[in-house]
Structure formats: C-alpha cells, structure tokens
Amino acid sequence: MIDKGTLLQQITVEAAPASHPLGNTAPCIFFPEGEQEIVEILKYARQNRMRLIPMGGGTKRGFGGVEEMADAILSLSRCSGIIEHSPGDMIVTVRPGTTVQELQNCLAEYGQMLPLDPAWPAYATVGGIVAAGDSGPKRLRYGSARDHVIAMRVVYPDGTIIRTGAKVVKNVAGYDMNKLFIGSMGTLGIISELSFKLRPLPKAERLLLLSFSEGEMDAIRGFIRSLQDSRLEPVSLELISPTLAGRLGEKPEYMLAIAFEDVESAVRYQEAWVRSCAPEASLGRTLIGREAQMWWDAFACIPPYGLEENGVETRIAMKIGSKNTDVPDIIAVCHHLGQDRGVTVEAHGGAGHGISYIFFTGGTEEELASCADATRRLAQDRGGYAIVRHAPLSLRRRIGAWGEVPAHFPLLEGIKHTIDPDRILNPGRFIGGI
Amino acid sequence: MKGTKDSLVGELSAIVGSSAVLFQPEDLLAYECDAYTIHRGMPRAVVFPKTTQEVAAVVKHLYGKRIPFLPRGAGTGLSGGAIPLGGEVIISLVRMKKLLHVDVENRIAVVQPGFVNLKLTHSISDKGYYYAPDPSSQYACTIGGNVAENAGGAHCLKYGVTTNHVLGLEVVLPNGEVIELGGAPDMPGYDLLGLMTGSEGTLGIVTKIMVRILKNPEEKQTVLAYFDKVEDASYAVSDIIAAGIVPAALEMMDTVAIEGVECGTYPVGHPPGLQALLLIEVDGIAAGINEQITEIVGVCKRRNVMDVRVAENEEERGRWWANRKTAFAAMGTISPDYLVQDGVIPRSRLPEVLASIRRISETSGLRIANVFHAGDGNLHPLILFDARKPGETDLAVEVGSAVLKVCADVGGTITGEHGVGIEKREEMRYVCTDEEIEAQTRIRTVFNPHNLLNADKLFPKPSRCAEIKIIQSDR
Amino acid sequence: MNQSGIRMVKPHTDESTLVHMSATDEDKFAACVHCGMCLESCPTYDELGHEHQSPRGRVHLMKAVAQGKMAISEAFADPVFTCLDCRACETACPSGVQVGTLIEEARGQIRETLPLTGWKKTISRTFLRKLFPYPARLQVLGKALKVYQRSGLQTFARKTGLVNLAPQHLRDMEAIMPMVTEPTLTKYPHGIPANGKVKMQVALFTGCIMDVMFSDINEATIRVLTRNGYEVEMPQGQRCCGALHVHAGDREEGRRLARQNIDAFLEADPDKVIVNAAGCGCALKEYPELLREDQEYRERAKQFAAKVEDVSKFLHDYGYRKPQGKLNARVTYHDACHLAHGQGVRREPRELLESIPGLQIIPLPDADRCCGSAGIYNLTNPGMAGKILDKKMENMPAEAELISMGNPGCMLQIAMGVAKCGRNQQVVHTVQLLDWSYQKEGRYVPAEEV
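None of the values given here were measured: they were computed from a predicted structure.

Peer 1: Would you mind showing me how to read the overall build of chain B here?
Peer 2: Check the secondary structure of chain B and you find 17 helices and 18 strands. A compact globule built from 475 residues would reach a C-alpha radius of gyration of about 23 Å, and chain B, at 23 Å, matches this within 12%. With respect to the principal axes defined by its C-alpha atoms, chain B has extents near 70 × 55 × 40 Å. Of all 475 residues assigned to chain B, the portion counted as buried reaches 68%. Accessible area of chain B: about 15,100 Å², with a carbon and sulfur share of 51%.

In structure tokens, the structure reads:
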C-alpha cells in the first residue's frame, strides 16, 4: 500500500494480490472515477517515478510484457458509461471502462451498433480493445478499431489532456493522432474518452456453416476463391479448425463460418448462392437472426483470457497476420502442430482479412514454447508475423510476446520517448520492451 | 551546371541525371503553386527521381546540406501542401508512375506514388475490381498525393477514406533512410502506417504504396432529387441515414453550385430555380437494392421533393457524376476565382450551418456555392471572388476562415479531406489547443528533426517568417 | 529576390512585349483555376512530367507574361511550341478554358517578339508563306514527290511490300477505287450535281494538302455526298485554311487566308460548308476567334463559321442512306484530336461505321489520345511526335485490319506508325469506307428508295 498524499484523497485505492501467473500486476490498484482523477494519478506517478499498468476489464493481462509487477494498476473500470450518443449522426462517445457488451446493448435500442466483434465482450472494455487493437471475424466487412475510432481524449503521462480527431466522420486537420494510440498497448497515454462512428444494425443476418473433411483443403481453397471472386459481400469468412469446431458443438471438421448481414432479400440471395455453389457435402446449418448472434456470442468466449481461474491446464493464444490466401495453410499446418507435442490446438483465421488465432492447450511449457516457435516461423516464412496474444508470464519471458523489432524501431522508441520520457506507462509491455 | 550558378543543380543532376532536374526560373514558375493559388513561392529546383533509391539519394544529399525540400505529386491539392515557401527543392514523384503489382486473390495492388488514382480502377476493372477512394480530382491526382492528404471522395460515406485502404507503405524518411510499414494487417508496433497517411508530406516521402482493392458491387443505383428548400434536402439526408441505409454516396449542391455546373463542361439540364439537389447512390447485392431505393424515394417525397428520379442506365449515371465531380472547377465559368473550403460538421447540424454560411455570404457580399458530401457532413463552400478586384482575395480568405469557425463551433473540424497545408495553418487553432499542436509537432520532430521536409506546413507557426528562409536559401 | 518569398523572373521592362496587337485575352485564362484536371489528358505532360509542359502550366506562364512577371523568351516559347495543340485538355477542362486558342495566340505573340532566324525561318517561310497558300505550287510538289498515289497507305505498302500481305478482301478496296491523278478543285470547277432529287446545296472545302495528296478522299466525299442528294459546289477562290500558320504563330498569314476563304464561300452561299479534314474544319470554325479584332470581317467570319460542318457530322445530322455493300473487315477508329476535342465529334463517325454491313468495329483504347501528327508537329518536334506515336501504336489493336479516322495528318502519321511496327494494317478515311460500301452495292440506289 502506498502513501497517497493529499492529492489523491478522493481516489479509491485497493490492495491487489501480490502476484499473478500472468504477471502485469501490482500491489495496489487505483480506481479513478473521471478524467481529472486520471490526471492527478498520472501527475502523482510521475513525481514519484511510479510505473503504472492501465487496465480495463483485465481480459488482456496475459498480453505483452515481461514484468511481473509494476508499482500500481490504473483501472479504468469505474470510468464507464456513455457520454453522448447522437443517433442522427451515428456517433457515440463513451468512457473507456464501458464494456463492449454494455455499449452494444445501449446502441441496439437505437438500431445501431459498433461494428467490432472482439473476444469476451461482457468483460472487455472499449478502452481495452482499442488500446490492444482487438478485432473479430467480422472485420472482413466492417474493418477494425482503427477504422471506427474518430476521436479520443488521452491523458499524457505529464497530465496534459490531448484531444485527437474530431467527433465527425471525416477529419484531416493535423496528424491522425488517433492511430498512434490504437494498438499502443497503453504505453503512451491513458485514453479517457472515445468516440466511434457507428453503423445501423443489419436488418437481417444469416450464418452458414460449411464443413469439410481433413483431406479437402483444396476444396476449401477453391470455394473461398470462388466466393471471393463473386460479388457477394460476406461479413465473415472464417475458417475454423476441426478441434475448435468440435468445441463449438459442430462436426469436428474444418468449418467455414460465412455470415451475411444486409436487408432480408440480399441476405437470402447470398445464402442461396452459397447453397448452390458450395460443394454439396459441405453444406451444413444456416443460423438466422438471433440464432446466429448466439453462435457468435459463444465464439467470442473461446480464447483464453486474463480473468480465467487458474486451471490445471496452461493455455496460450497466438495471433498471426498474413496474406489472406495464406490463412488456410496456416490453419491446417497449426492444426497438426500439437500432434507430437501432447498439445491440443484450436485455430481460426479470416480467409478474407488475414488475421488468424491459434490456441494451444495442455502440454509442458517446453512443448508449448516449441509450438509457439513453430507458429512464429510459419508466419514469418510467409511474410507475416506471429505475436503471443495470451500466455503465462514465464512463457512470455521465454518466447517473447512480440518477436523481432522492425527496422524502423528507432521511430517507435522516439515516439515513446517524446510522450513518456520517464517510462511510467506500462513499461516493457510492448514490442522491443517499449 | 550550364545556365546556373547554383552548384546544387549539378549535384542533383549527378544523382538523377540532368534531364531530371529543372532549375531555370521560367521552368520553375509552373511550380510556384498547386491547385491552391492564393499563396505562391518559388522552389530552388525540381527533381524527378525514377526509383526509390534516387529519392533516397536526393533526400540524403539535401539532408546532409540541410537544404529544405518537399514532395509533390500532380499538384492538385487544395490547401497548398505542395507549394514551396521559398527556396525548397521540390521532389516531384510524377515519373514514378508504375502499377507494380496486382493480386486480386488477396485484393491488393502495389503502385508507385505518381500513379494516377483513376488509372488504378481502369487497370483492374476488367477483372471486376476497383479502388474505392475517389476524390473529385481522381482523373489527375496521384495515389502518393492521396496518401499524403488522406484523400476522401464522394464514396467514402460507405467505404471510408484513403487511410482505410492503405495496407502498406515504403517511405523515405527525411534523413534518406528507407523503411517499410504495414504489409500484413495489424503489424506489431505503433501504427506508423496510419500516422504517415494524412501527414501531408511532413513525416516522410512515400515511394511505394500497397492498397486494398474492392470487388465491384453487384449493382449500383443512383437517385437524383430536386428540392425547393435547402432545409428539406438536409432533413432528407438525416432521414435516409436514420432509416438504417448506408448509401455509397450522398451528395448535395445548392443553387449557386447548380448554376456553375450547368455552365460547365458537363451540364445535366437541372431545372432552373432549385434550392438544392441530392445525388444519392446505393450499391451492393442486387437483390437488396430496390428495397433501399424505394425507401430513399419515399423519404424524399415525405420531405417535399419537387422531383426525384432514378438513373435509367450507366450513361445517365455517368453524366450525373461527371456533373458533380467537376463542380469545383466549373465555378471557373461563373467566377474568375474561387476558394474552396472543407469544413466538416455533425450531419444533424446541417440546416443551421448552411444558414450561417448564407449570412456570411450576405454580409461579405461574396457569393458562396455549396457542393458537398452531405452524408459525411463534409461541406465544400466555394467562395467566389475576383482576384483582380483590389482587396477581394483577402476578403475571400477571411470569409473562408469565418466559415471554418462556424464548423468548428458546432463541434466539427476545419478540414475533412483537403488538408491543412499552408491555407489553414492558423485555423488549426480553432480545433486544437497549444498543447495539442505541440503534441503533434513533437511527433514530427521524431521523424523530421530538422524540419527540412515540407517545413512549416500544417501547424500554425508565428515565430519564423518567410524572410529568414529566403536568406537561408540565398546563394 | 523580393520580400514575399517569390523570386521574380527578370522584372519586365520592355513595353513592346506587353503592348501587343494580339495579346492573349485575359478572360480566357482567368477561367483557368489551376485545378490540374487537364494534366493527364496532355500527351506532352504524360511524356515529360513537367508542369510547364502541361496545359495549366502553359496557361500559368501566359498569365505570368501578361502580368509582366515573365518576359517572352525562348524559355516561354519552348513549352508553348511543344504543345501539340491537340485540345485534349479542352475536353478535360471543367471550366471550359480554350487552351488551344490561348496557345495559338501565344505563338503569335512569340513570333512577333522573337521572329525566327536562319534555317528555321527559311523552312517556315517556304512552307507556310510560299507553298501552302498556293494550290498550284502544292500540286507541282505533290506530283513531284509522288508520296501518295491512290490511297493513304499505298505508297507505304508498296515500299514495304506489305500490299502483297494484305488479305484479298482488302485489296478489293484498292481495286474498286478509281485512279486519281488530279486535284478535285481544278477537276470540277463547276461543282458536281446531286444524284436524284436535290436535298441541299453544299460547298466542299477541298483543303490544300488533302486535295494534292488525298484527292481520292475528296473524290470519295463527293461521291458519298452526291449519292445522298447533296449538290456539291467547289468555290474556286478557296485557299489553305491557315491552321498550320496559326499553329506556327503566323497569325497574319492565317488571317489573310481566312479572309480569302470567307469571301470565296460566302459568295457561293451554300447551305453548308463540308470539310473532311478535322484540322481544317476546326480552324475554319475558329475564324471568328482569329478575326475577333477585325471590324470588317468579324461578322462575316461568324456567318461563315456557322456553316462549317465535318462530313461525318453532316451526314449523320442531315441524313444519309444506309449503305448495303458488305465489307467483311475489322476496323478500329482513331479520334482525330481536332474532331473529338476540337469539334466534339465522336459519336457520329462511329455511327457511320456501324451502319456499314459486315464491318466489325474493334475498340481502340485511348482512342482520343493524339497520334503525334498535330499539323506539322511531326516535322518540327520529331522526337516527341515519335514517342507519342509509339504509345498510339501500342494501343492499336493488332486484330484490326483497317484503321479509320477523319483527318489526313493523322492518316500519314499512323500509316508511318503502321510501317514502323511492320504491321499489316490499312489506314483509311471514314468516308472512304462508306464510299467503298456504296460502291460494292454494284448498282446505283437513289437516296429516296431507302
């Protein structure tokens, strides 16, 4: 417990568990309830050379970083709620600690949505998913956080409040500073407010599940190609490995989850196209409306995350970025990675957006590390990258969360240094130990 | 070098060849401005590199000698981003105009910076693909320039602006170092790709661009709606959005603008006496289009539309768009000069902002035509003036600034797609505090420590005036 | 260097360059808002990438000269004379800047301030002042050179041996065409009556080079017109249109020729003046511009210009009988700059071709891109003209057997391109194809019958 001094009298501070297998912890947690309190905490931390870990719902505790402990956690969980929603402008402004679920529920009342589908929406906060640059299968059609954040308020480590962007859908006045903070892993500033551009909720939605046996990779590739070459507008084209399909209660085969969201007639037409063009044997269920949403809700709760109770099994998650056309191979190769290692592998990847997630469960640390290495090599051989999205601290230390630094790393360091020269925010959490 | 005392010309010629350096004052005169003509400045020389290596070598040389420089594409920018302040070397990228690679399966194309926007769509249309960002100058503007300005266009309501379509960049940094950004989605590290896009050529010179290409929509339909009250048209815009429709484009023109385009090269034959027209386009799966068109037509009727039509064929659609896309320059037919502004406002504030602009026009005595992306709330008031009349240019600049103040005051911004450049440096103060400006200039310093690359653009800078630069460049 | 940071170019002191009898019209360049939409349309900008070699750059320099910021010098003359005067920028320009007219005026200014000297002067004088204005002299030259005997490609074809490679059905065309030895202007001093009922009286502008080198095209034009009920007059007082003079900056000679032509044609008083050379047609239509300061001729020029019509547009607008002779050939169509950009005639010649049975039309990418001929540009700027021709030939679809167009300058240039590429393609005038189809009908069908 630290001495808060007089400055921080009003701010709630709680003691935290001294250690955590995922690391990224601290002996105490600050719970600011507004921007001004964030400013005061940061000023205090700077004066006292305290290292802070910003946190939202805590779902990403296992993402990045090689430090077990910082001096304090800065929880944004009490900075929550919608500040302003202008349905006519399709713009919403929220506090960072609002959960994705809570935001979506409020917007749905107005027939609108934030078109982002990250994992664990009931716990993940909007601040957290933006800071971590999170996304889901539907980024194929809707894009990712960087396509939807239009404005932010950010508290710099010296307590200065900087507004980035503007609460309008187009803005090129000055640098696009929003981009700097999206995916910056909380190493530059504390996001205290976010504005998003929204979309109308689709009037109809359908999800088609297609299954292919293990020997049919060519058929999968062929069908993906013909779908992509058509003028259909799927919102997801996610390839799911047999083990993961099984976990989702489907046939344990390679599965394509193809979703359409549009007006009813367009959705029906597209479903019919898939039914007539996909290999007969692959055709499975079509989930309509609410059923489809529930399926996606279950899908979002697949990845290991930071709030999991300590189980008997260790789980790690890796994220791969590659060319779209490499996704089927990546999923297939990863599917077999666990075979000789006593590790269960579950994987899914967007055949139209190039992001794949691989989950490894069980096995020794040795075996998991070897799987992670193999995954990273696989991605790099194809001109992509693989990062560790979730792993216990010991494994992160062993394999590194981020891989090699890019040639332009001095620029990244320069940016960190100019904004956070004392390295008080999330030190060592990001690439190259930024 | 023959014909000049400037030894730099010989040094640059040694890098790029003498046919790729312009230095005669008469030749340089054409580079004293871009499509923003109110401010002018002479470059010291213009170089035309053909490869990334040549760009890097030229930059390294200039960096070593601490000579200021700036990149330039087609020079169609509307905020003066490619105008020298005096004495810079212009690095023209128009000879780097190749389409390097198209990969339709991965939906990417790789181009050199001087490649013209519309040519990309033309080059891939036979395969059924197109490049979405479509600024009105797309016939001539380069994709390198689009990246620098984060260019928008009529269709970004649904498809986003340039930054949403740039997947990778090769950049020559201000010290001559070459870096690669992006390439795969969500590359680990700060999003320099996003930061570079829209940095108006102040952080680096882009030499290669990987962009996303899109499959042509199955069907497109375009609606033209005439209104005799601007308010009705504005409310129709909000109603369409509120109905849950995301049109591919939603454009508006007012009386003066319509007068201009009808005198221009691509008249449509709009009836006289209109207060506003809307051009609305919906695209996507054919089976779903009619439903949306019916709804749009219904909305327009509820908002007292005078006449509403759906384009009967591609030819008619093309004529409507040519009419709209050439609107700025068509003002040349009704006024010797114009100043185009680029404010953005929340869509719901449209009626009151248009009323304020009308008042500014009446008070100043300058006519203002409004042509804009109504769906985005991105206004393009065109302030008509005659530079030959004493004082009118200054008045136009003042009026432009007043219009931007109105936009900023309703929670909007001063530029949606044209950039700050030279033109709106001071207006940055309408939307940024000193701390916010400093936060940005500190980022610039990380990339551009000596402020040699496109110096003194984009941010207000009262301290350093033009004279100092001239003395520095005098030789 | 002045305080504003703009380095002035040789502050202008010499009054005589400003006070000029044909200074550029300020309103014309005031319409240019420097937007840059013209850049991509400009073949010389495309080739060089230099802004002063672009339409807006050239207009910018003209403004600078008019404002005294720049002197009339070789540095001004170079971009102004590197311009092809192809007018593609006028099509691209949203605010209707008449770049072509501005360029021609600037050339006039330049030649008055910086007269040509040495061999350039001799060549220019010989061609422009002593040759083109005099039909008789041209005829002598034409016969002497024997550049051209029967059809545009023939000489090239014979020289390169291509004629034997031509498919039989194309050689048919040559066989069917009457042998031409004499210019039409002297051959038909009293005009040619219409076949059947007279629908209209028209006068044919025979052109100077056209009538010497391409008199068979004039013959074809006359046959097509008379076959369709148009009586063709041949005003004997007509002269060269003066386009080349105006292009070269010799506006004085251009005006002299213009007055002569106006007199000749207004005296004959036809319903329409028909032109089959796009360059000439454009120049004739612009006489009012050329003579805008001529009190006496200004109105007459307008009267005359209102009658001028390209043959393809005339036939399209005033009617022609659909031909029935089948031409089994693949043709592509090149838009002559002075037809497409200069006169806005694009659709009409294509529709004429479409009306010919059996003719398969293959699209030519960038059909309205200049071929590099541009009057005598290919003689004065051979390097640039060659590069532009190469681009045109790259686009030329290999499967086309015939390349059709409406301008003799383009025909010579593209024939050269065909020869250069070793291709087996025949260059023809659009009217020739129409005539060929009529001829193949084998019998005369009066216009009223169809």
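Peer 1: So what exactly am I meant to see when it comes to the overall build of chain A here?
Peer 2: When its secondary structure is counted, chain A shows 14 helices and 19 strands. Rg of the C-alpha trace for chain A: 22 Å, near the compact-globule value of 22 Å for 434 residues, within the 12% margin. Judged by the C-alpha coordinates and their principal axes, chain A covers about 70 × 55 × 40 Å. Relative to its 434 residues, chain A shows a buried fraction of 64%. For chain A, the proportion of contacts with a sequence separation of at least 24, taken over those separated by at least 6, is 71%. Taking the average place of the 45 positive charges on the side chains of chain A and the average place of its 51 negative ones, the gap between the two points comes to 4 Å.

Peer 1: Please explain the domain arrangement of chain B as it appears in this structure.
Peer 2: Bring the parts together and some accessible area is lost; that lost area is often taken as the interface size. Residue and element names in this part refer to chain B. Segmenting chain B into domains produces domain 1 (7-92), domain 2 (99-215), domain 3 (217-334), domain 4 (337-431) and domain 5 (434-474). Here the C-alpha centre of domain 3 lies 28 Å away from the C-alpha centre of domain 2. The partner domain 3 presents 13 residues to the 11 residues of domain 2 that form the contact. Considering only the surface of domain 2 that becomes buried against domain 3, His155, Leu157 and Lys158 emerge as the three largest contributors, covering 46% of it. Where aspartate 134 meets lysine 325, a salt bridge forms, and the shortest distance between an N and an O atom there is 2.9 Å. The tally of links from domain 2 across to domain 3 stands at five residue pairs in polar contact (both at pLDDT 80 or more). Take the side of domain 2 that touches domain 3: its biggest share by element is four residues, from helix 6 (residues 156-159). For the side of domain 2 that touches domain 3, the residue count by class is five nonpolar, three polar and three charged.

Peer 1: I keep staring at the pattern of salt bridges and nothing clicks. Help me out?
Peer 2: Opposite charge on two side chains permits pairing when their charged atoms draw close. Scanning the model with the defined rule gives 91 salt bridges over all chains in all. Arginine 382 of chain A is paired through a salt bridge with aspartate 329 of chain A; the nearest N and O atoms lie 3.4 Å apart. Of this pair, arginine 382 of chain A sits in the loop between helix 12 (365-381) and strand 19 (385-390) while aspartate 329 of chain A sits in helix 11 (residues 327-337), and the two are 53 residues apart along the sequence. For glutamate 251 of chain B, the salt bridge is made with arginine 324 of chain B, and the minimal N-O distance between the two is 2.8 Å. With a gap of 73 residues between them, glutamate 251 of chain B in strand 13 (residues 249-254) and arginine 324 of chain B in helix 11 (residues 314-325) connect regions that are remote in the sequence. Judged on exposure class, the residue glutamate 251 of chain B and its partner arginine 324 of chain B are both buried. It is possible to trace a salt-bridge network through shared partners that takes in Glu35, Glu84, Arg153, Lys167 and Glu193 of chain A.

Peer 1: Even after reading the chapter, I still don't get the interface of chain B and chain C, so can you show me in this structure?
Peer 2: Of the residues lining the interface, 50 residues belong to chain B; the matching set on chain C comes to 41 residues. Carbon and sulfur atoms make up 55% of the area that chain B and chain C hide from each other, which totals about 3,600 Å². Inspection of the chain B/chain C interface yields four salt bridges. The partner of arginine 72 of chain B in a salt bridge is glutamate 51 of chain C, and the shortest N-O contact between them spans 2.9 Å. The interface formed by chain B and chain C includes 15 residue pairs in polar contact (both at pLDDT 80 or more).

Peer 1: What am I meant to see in the arrangement of the chains here?
Peer 2: Where the two pairs of chains in contact are concerned, the greatest contact count is recorded for chains A and B. Without any contact between them, chain A and chain C keep their closest C-alpha atoms 20 Å apart.

Peer 1: Help me out: how do you make sense of the packing of helix 20 (residues 311-318) of chain C against helix 22 (residues 347-354) of chain C in this one?
Peer 2: Working note: a packed helix pair is described by the angle between its axes plus the distance between those axes. Residue and element names in this part refer to chain C. It is at 8 Å that the axes of helix 20 and helix 22 come closest, and there the two elements cross at 70°. Relative to helix 22, helix 20 is oriented roughly perpendicular. In the packing of helix 20 onto helix 22, the handedness of the crossing is left-handed. On helix 22, the residues that touch Ser312, Lys313, Leu315 and His316 of helix 20 are Arg347, Glu348, Pro349, Glu351 and Leu352.

Peer 1: Hey, could you run me through the state of the cysteines in this one?
Peer 2: By definition, a disulfide is the covalent link that joins the sulfur atoms of two cysteine residues. Residue and element names in this part refer to chain C. Here the structure, examined in full by the defined rule, presents zero disulfides over all chains. Counting only cysteine sulfurs, cysteine 93 is the nearest neighbor of cysteine 35, a cysteine outside any disulfide, at a range of 6.3 Å. When its relative accessible area of 16% is taken as the criterion, cysteine 35 is described as buried. Unpaired in this structure, cysteine 280 has its nearest cysteine sulfur neighbour in cysteine 241, at a distance of 3.8 Å.

Peer 1: Help me understand the packing of aromatic side chains in this model?
Peer 2: Residue and element names in this part refer to chain A. For the coordinates displayed, the defined rule picks out 18 aromatic pairs over all chains. Their ring planes at 50° and their centres at 6.1 Å tell us that tyrosine 156 and phenylalanine 181 sit as a pair that is tilted. Placement of the pair is tyrosine 156 in the loop between strand 8 (149-155) and strand 9 (161-165) and phenylalanine 181 in helix 6 (residues 177-181), with a sequence separation of 25 residues. Given the relative accessible area of 2%, tyrosine 156 is considered buried. According to the relative accessible area criterion, phenylalanine 181 is buried, its value standing at 1%. Taking NZ or CZ as reference, arginine 78 lies 4.2 Å from the ring centre of phenylalanine 31, over its face.

Peer 1: What is the right way to look at helix 19 (residues 298-307) of chain C in this model?
Peer 2: Three- or four-residue spacings in an α-helix give side chains the same orientation, since the helix completes a turn every 3.6 residues. Residue and element names in this part refer to chain C. By the burial criterion, the buried members of helix 19 are Ala301, Phe304, Ala305 and Lys307. Along helix 19, the residues classed as buried sweep out an arc of 150° about the axis, all on the same side. Of the surrounding secondary structure, the elements contacted by the buried residues of helix 19 are helix 16 (251-268), strand 3 (272-275), helix 17 (278-285), helix 18 (287-290) and strand 4 (308-310).

Peer 1: Teacher, can you tell me more about the pairing of strand 14 (residues 276-284) of chain B here?
Peer 2: Strand residues, when the strand is regular, have side chains that alternate between the two faces of the sheet. All names here are of chain B. By the criterion of burial, strand 14 is predominantly enclosed, with nine of the nine residues buried. Alternating positions in strand 14 separate into two faces, Ala276, Leu278, Ile280, Val282 and Gly284 on one and Leu277, Leu279, Glu281 and Asp283 on the other, with burial throughout. Here nine bridges tie strand 12 (residues 219-227) to strand 14, and the two strands are oriented antiparallel to one another. In the sheet register, glutamate 219 faces strand 14, and the bridge partner there is glycine 284.

Rules used in this analysis
- Residues numbered from 1 in each chain as written.
- Chains lettered and ligands numbered in written order.
- Predicted model: local features only at pLDDT ≥ 70, side-chain atom pairs only at ≥ 80, totals over all residues.
- Heavy atoms only, no water.
- Helix = DSSP H or I, 4+ residues; strand = E, 2+ residues; numbered from the N terminus.
- Rg over C-alpha atoms; globule rule 2.2 N^0.38 Å.
- Buried < 20%, exposed > 50% of the residue type's maximum accessible area, 1.4 Å probe, protein only.
- Areas by Shrake-Rupley, 256 points an atom, 1.4 Å probe, with all protein chains shown as cover.
- Contact = heavy atoms within 4.5 Å.
- Lys, Arg positive; Asp, Glu negative; His and termini not counted.
- Charge placed at Lys NZ, Arg CZ, Asp CG, Glu CD.
- Domains from an automatic or database assignment.
- Buried area = accessible area lost by both parts, 1.4 Å probe.
- Salt bridge = Lys/Arg side-chain N within 4 Å of Asp/Glu carboxyl O.
- Polar contact = N/O pair within 3.5 Å; in protein donor to acceptor, adjacent residues only side chain to side chain.
- Nonpolar A, V, L, I, M, F, W, Y, C, P; charged D, E, K, R; others polar.
- Axes fitted to C-alpha atoms, helices over the stretch in contact; angles between N-to-C directions.
- Parallel < 35°, antiparallel > 145°, perpendicular 65-115°, else oblique.
- Left-handed = near helix turned anticlockwise from the far one by under 90°.
- Disulfide = S-S within 2.5 Å.
- Phe/Tyr/Trp six-rings, centres within 6.5 Å; stacked < 30°, edge-to-face > 60°.
- Lys NZ or Arg CZ within 6 Å of the ring centre and 35° of its normal.
- Arc of directions from axis to C-beta.
- Pairing = 2+ DSSP bridges.

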